[in-house]
Amino acid sequence: MLLPINWVKKYVEVDMSSKELADKLTMTGSNAEEVITLREGISNVVVGKILSVEPHSNADKLLVCKVDVGTETIQVVTGAGNVAAGQLVPVALHGSKLPGGITIKRGKLRGVESQGMLCSGEELELKDSDYPGAETDGILILQEYYPPGMDIKEALDLGGEVIDFEITSNRPDCLSVVGMAREIAAATGKSWSMPEIVLSPGVGSIENELQVEVENPDLCPRYLARVVKDIKIQPSPRWMRRHLAAAGVRPINNIVDITNYVMLELGQPMHAFDLDRVEGRKIIVRNARPGETLVTLDDKQRNLTPDMLVIADTGRPIALAGIMGGANSEITGETKQIVFESALFDGASVRMTSKKLGLRSESSSRFEKGLDINMALTAVDRAAQLVQELGAGTLVEGRLDVLGASTEKRKLTIQWEQINKLLALNLTAEQISGILTALGLEISVDGEYMTAIIPTYRNDIEGMADLAEEVARIYGYDRIPLTLMEGSASKGARTRKQKLIFSIKTALTGMGMHEAITYSFTSPHIYQKIGIGAADYPPVVRIANPLGEDQSIMRTTMLPSMLEVLSHNYNRRIENCSIFEINPIFIPKALPLTDLPDEMLTLAMGEYGENVDFYTLKGKVEVLASLLGLEDKLTFQPARHPALHPGRTAELLMDGKAIGLIGQIHPKTAENYETDAGTVLGELNLQAMLDQANTDRQYQALPRYPAVTRDLAFIVEKNVQAAEIAELIKKGGGSILEKVTLFDIYEGSQIPEGHKSMAYSLSYRADDRTLKDEEVNKAHQRIIDLLEKELGAKLR
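Residues numbered from 1 in each chain as written. Predicted model: local features only at pLDDT ≥ 70, side-chain atom pairs only at ≥ 80, totals over all residues. Heavy atoms only, no water.

K.L.:
Can you explain the sheet that holds strand β20 (residues 324–325)? Please cite residues and give values.
P.N.:
Sheet architecture is open: five strands sit in the order β12-β15-β18-β19-β20, paired in mixed fashion. The outermost strands of the open sheet, each flanked by one partner alone, are β12 (211–214) and β20. Of the pairings in the sheet, the one linking strand β18 (residues 309–312) to strand β19 (residues 317–320) comprises three bridges and is antiparallel in character. Within the sheet, the bridge partner assigned to I311 lies in β19 and is A319. (Pairing = 2+ DSSP bridges. Helix = DSSP H or I, 4+ residues; strand = E, 2+ residues; numbered from the N terminus.)

K.L.:
I'd like a description of empty space enclosed by the protein, backed by residues and values.
P.N.:
Counted according to the given criterion, the structure contains two cavities of 30 Å³ or more. By volume, the largest cavity is sized at about 100 Å³. If you go around the largest cavity, the residues you meet are P4, I5, N6, L38, D157, G159, G160, E161, R242, H243 and A246. Among the elements of the structure, α1 (5–8) and α5 (238–246) are those that each provide at least two residues to the lining of the largest cavity. Looking at which element gives the most residues to the lining of the largest cavity, the answer is α5, with three residues. Looking at the lining of the largest cavity, its residues break down into four nonpolar, four polar and three charged. Counted as a void, the second largest cavity has a volume near 30 Å³. Lining the second largest cavity, in full, are E13, V14, D15, M16, L21, I184, T188 and K190. (1 Å grid on protein atoms, 1.4 Å probe; cavity = no way out; pocket = protein on both sides within 12 Å on 5 of 7 lines; lining within 4 Å. Points joined across faces, edges and corners; volume = space filled by probe spheres on them. Nonpolar A, V, L, I, M, F, W, Y, C, P; charged D, E, K, R; others polar.)

K.L.:
Break down the sheet that holds strand β36 (residues 708–717) for me, with residues and values.
P.N.:
For sheets, the rule is that strands pair by backbone hydrogen bonds, running either parallel or antiparallel. Across the sheet, which stays open at both edges, the four strands sit in the order β37-β38-β36-β39 with antiparallel pairing between neighbours. Both edges of this open sheet fall to β37 (737–746) and β39 (794–795), since each of them pairs with a single strand only. Of the pairings in the sheet, the one linking β37 to strand β38 (residues 755–764) comprises eight bridges and is antiparallel in character. Counted as the bridge partner of L737 is Y764 from β38. In the packing of helix α19 (residues 722–733) onto the sheet, the strands contacted are β36, β37 and β38, and the crossing angle to β38 comes to about 35°. Its contacts with the sheet put helix α20 (residues 773–791) on β36, β38 and β39, and the angle it makes with β36 is roughly 15°. (Contact = heavy atoms within 4.5 Å. Axes fitted to C-alpha atoms, helices over the stretch in contact; angles between N-to-C directions.)

K.L.:
Quick rundown of the packing of aromatic side chains? Include the residues and the values.
P.N.:
Geometrically, a pair of aromatic rings is defined through the distance of the ring centres and the angle of the planes. Counted by the stated rule, this structure contains six aromatic pairs. Note on F345 and F367: the rings are 5.2 Å apart at their centroids and 65° apart in plane angle, and the pair reads as edge-to-face. Placement of the pair is F345 in the loop between β21 (338–344) and α7 (347–357) and F367 in helix α8 (residues 362–367), with a sequence separation of 22 residues. Pair check on accessibility: F345 and F367 agree, each one buried. Between Y570 and Y608 the ring centres are 5.5 Å apart and the planes differ by 90°, which places this aromatic pair in the edge-to-face class. (Phe/Tyr/Trp six-rings, centres within 6.5 Å; stacked < 30°, edge-to-face > 60°. Buried < 20%, exposed > 50% of the residue type's maximum accessible area, 1.4 Å probe, protein only.)

K.L.:
How would you summarise the environment of A713 if you had to cite specific residues and measurements?
P.N.:
Here A713 shows up in strand β36. Separated by 30 residues in the primary sequence, A713 and F743 have C-alpha atoms spaced 9.8 Å apart. If we skip the residues at most four places from it in the chain, A713 touches S757, M758, A759, K794, L795 and R796.

K.L.:
With reference to specific residues and values, describe the layout of surface pockets.
P.N.:
The volume enclosed by the largest pocket comes to roughly 1700 Å³. When residues of the lining of the largest pocket are traced back to their parent elements, those giving at least two are α16 (614–627), β32 (634–638), β33 (644–654), α19, β37 and β38. By volume, the second largest pocket is sized at about 1000 Å³. If you go around the second largest pocket, you meet 45 residues; those closest to its centre are N260, M263, S361, E362 and S363.

K.L.:
Quick rundown of the pattern of salt bridges? Include the residues and the values.
P.N.:
Using the criterion set out here, one finds 41 salt bridges in the structure. As a salt-bridge pair, R399 and D381 come within 2.8 Å of each other at their nearest N and O atoms. One end of the pair, R399, is in the loop between β22 (394–395) and β23 (400–403); the other, D381, is in helix α9 (residues 375–390), and 18 residues separate them in sequence. Under the relative-accessibility criterion, R399 is labelled partly exposed at 33%. If you follow the salt bridges from partner to partner, you end up with R171, D173, R182, E183, R458, D460, E470 and R473 in one network. (Salt bridge = Lys/Arg side-chain N within 4 Å of Asp/Glu carboxyl O.)

Next up, the structure:
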């Protein structure tokens, strides 16, 4: 919020520099981000009175002026043709500075000395809103009398300073000049005042001019209206335009400027309707109806929904409540009668409508935070006073006030010593009472109890801690003594599940993978992208109030999330990407929902790049199985999945039960996600693996006796799996078989069609002796016989 210092001085005494004030208010919780000096680029420019104008002796288009600048009379050469003797004009003296870093120096023009420059409004970067005629071609002619030599910034009220504050969302009362005046008074010990509102009697009666009906008092607890006739649309006086411009608001005309001025001064947004354009001369505050639209003041058509609150007449919406007015009721140069609106709208409703329509305004940003129900009354009367003060129209007697909520102040009783205990201070009840009174609270003390009557503009004060915060920030955080923290420390520890997950993450990152975190909310269209037909879509949990369709369901698989991340990296030319995520998926127990869904902890993995294929991912899964002590329980078997390549996909079984799958993505999936066709994915039921994990490890001494290594190569049918062969080898090898390793698979001209050759390295060892050839040969032969019998394997 921009706070013009000259404006706030109307309501509170400021006897320090703007920098000192900014620092002081920052320490009380109103963070000052910047102190801005207005028109800082203008210096040594003064008011000058033209005494005479003579033609230039050597140039037909130049004029030589004698100008009184207060301390002396100087000669200035100008090319402007609108100057005349007796005029008051801005004069840039020798050494003066103009906006844009321009420096003016004395010199000669066509042989005639010029000791400065007469300035146009453009050269001073002025608009008509700064001074009438500032945008006219030629020298700026001043309409009022100012003494020659007077600084032009002082004469035209161009100077001053503005502090830019960052106001927290719980303090909407500070989004106004009077709100900040109250804060300044509390911080500096000065007194402050509200603008005095005195109205002259109006004409007629408002009941004969307008009706107001509020259909939804929950979203509009209060609505006030005043009517003004015989409107004269004209520019606002310069003092009002200067205040508005300094606060960052562009002046428009007197009626619009009055509403903006009241909003900035009191913090209460207002709006003005052209009464002659309000059908039925009736205002109705209601929810929008299906199919209704409204063209707002920014000339954009807004499609309305029934959950949006609008201001309507008897025929159509004429404004978005608390956000922006409609073009069908805006103030124009032809307006003769207006309605001033001052209301309180529900903050959540305003924010929801604003967000849906993508439309934010100064009004909506204030209503969203929650405003003072009583300030609406003060604001509408202040607007009426300004109309009378500016002669902008004739006020109709009375106001309409539709009130649907209490305007009473809340009462809070506490033990005042609790504030001292919380802040580690030793303040008296009088000191605490003085601080809170300065902030506008009404305080009474009865022994150990203190009762605070909370003003309606402080909805953020709810309990003792809030009062203590007010005391602390005004008393001064820097004055609170330092104390050591007290309390007992407890030692935290990870649960078994957390330890296992940490070990898994460590192992995966150690294998070159990076952890990713994606949203649990996703789009219902993901199933189509991974090749699942509409008839096969799984049951899903739908979000009641989604941010959009792309985040309208809870995911039941993490494969699309992996693909999105991989695609994002692939399309940004990341050559190698290897990621994993550990998070739940959400499986509904029944639809419609009668209970919370099952949250299945899932491990998803995905990678692409050089030397990445099905087997790299399979190897990482086997590492995790070994880490969790599941290497003897996990098996792989061929499987199919719409998102994955047929023939390059495997299902993981644990004790015969499916717990996941891995595979290379289907070419169609790669096309849908615009990613590498060699991408591999995996998704495992991590919860099932953690439940079965066995991390107990027993010490095993290094072997004392040598191992005997033998190789075996078999020809088997193509559909025989490596795991089946390994299981039979272990069975036939007995207790002396230590290790089985598949080291070659071959298909070629030397192998019968429909078959393949598989070669294994077998390691035999006994713990208590050196094995003899006879023992090894016997076990070796048992393996050969068993494979031939069970699988029809032929020894090569």
